[in-house]
Amino acid sequence: MMVEIIERLLSGVASGVLELGEPSFWLPPQVSTVARSVDWLFYFILGVSIVFFLIIVVVMGIFLVKYRRREDRLDAEETPRHNLALEISWSVIPLALVVIIFFFGFKGFLDISTPPANAYEIYVEGQKWNWSFAYPNGYVDADLHVPVDRPVRLVMSSADVIHSLYVPAFRIKNDVVPGRYSHAWFEATEVGEYELFCAEYCGTSHSDMIAHVVVHPPGEFETWLEKASNFLETMTPVDAGRKLYSLRGCQQCHSVDGTAKVGPTLSGIFGHDVSLVGGQSIVVDENYLRRSLLEPAVDVVAGYEPVMPTYQGRLKDGEINAIIEYIKSLTDEEEGGP
Ligand code: CUA
């Protein structure tokens, strides 16, 4: 059993070192220009650690047996005071190893922190518990779409707490902090779909804070962006509202099937009275819904915390109208999930 596990770990290291690029036991596929150097260093450190672990444990085992206490040998043996060759080698070899690790680690850090000047910029916002990605034309999506073989720079901020954007296939991870911008960049080298995680514990649904990275083939990213951006014109307001409901993070806190989550359900509320935290009640109409999006802390429904971030400046008027129309449509009993 133990031998099997060790064999598997070692063959993972070997295949990682020999076939850089392929997914291995240890790491996902390498899909960005920096991934190779990150992995190389990871395997180097892992290999050095395994070699030294074995040397230390094996020698320790031998010494344990060889110098154990025996009836005919109760006193400690005379041992040499020092050994110059040994002392120089245990100083020089580790020094060389950490210099190599520092050199390639620092070089890799500089590469990962310095985007090329012509990078395509996408704004990223993290909030409890979803991601939004704003493209240069103003369109906002819940997934990160990028062209292949083109440097992309992410300008990231948070609407509430600290999140961390992590794309394992690209080997990039950086904190997303409220009140300031942080950055990350990558150049995707393979068309496909990859996972994007939040890597900083940010509350109840932290582990659901997942998005996809879609790497488009040459020429297809622009077509996708053009088509996706026009949804307010091409869809009915209800459909556009449903799309916004899942794109902009509403579904993380508001159900459409009547169950209460972090926030109240949106199902069957339009035109009805709700009780507010202060004790009074209010009719859910267009004005109440609009105000709840722009000033969510003003009229909080009784039984809930004022935790919703404002959408002031983050939703256009047309988008707010579409969301209101979608919520109106949820008064019908048969309206299901997104
Ligand atoms: Cu956002 Cu964890």
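Everything in this summary refers to the structure shown in the same document. (Residues numbered from 1 in each chain as written. Predicted model: local features only at pLDDT ≥ 70, side-chain atom pairs only at ≥ 80, totals over all residues. Heavy atoms only, no water.)

A few words now on the pattern of salt bridges. Where charged atoms from two side chains of opposite charge approach closely, those side chains can pair. Taken as a whole and assessed by the stated rule, the structure comprises 9 salt bridges. Put simply, R171 and D39 hold a salt bridge, and the shortest N to O gap is 2.6 Å. One end of the pair, R171, is in the loop between β6 (163–167) and β7 (172–176); the other, D39, is in helix α2 (residues 35–66), and 132 residues separate them in sequence. Classification of R171 by relative accessible area gives buried; the value is 11%. A salt bridge links D111 to K107; its shortest N-O distance comes to 3.6 Å. Note that D111 and K107 are positioned in helix α3 (residues 84–113) at a spacing of 4 residues, about one turn of the helix. Residue D111 is classed as partly exposed on the basis of its relative accessible area of 34%. Classification of K107 by relative accessible area gives partly exposed; the value is 42%. Here the salt bridges share partners, and the residues they tie into one network are E286, E325 and K328. (Salt bridge = Lys/Arg side-chain N within 4 Å of Asp/Glu carboxyl O. Helix = DSSP H or I, 4+ residues; strand = E, 2+ residues; numbered from the N terminus. Buried < 20%, exposed > 50% of the residue type's maximum accessible area, 1.4 Å probe, protein only.)

This part covers the layout of surface pockets. One number sums up the size of the largest pocket: a volume of about 670 Å³. Along the walls of the largest pocket sit 34 residues, with H254, G263, P264, S292 and M308 positioned nearest its centre. Elements represented by at least two residues in the lining of the largest pocket include exactly α7 (250–253), α8 (286–294) and α9 (317–329). Looking at which element gives the most residues to the lining of the largest pocket, the answer is α8, with 4 residues. (1 Å grid on protein atoms, 1.4 Å probe; cavity = no way out; pocket = protein on both sides within 12 Å on 5 of 7 lines; lining within 4 Å. Points joined across faces, edges and corners; volume = space filled by probe spheres on them.)

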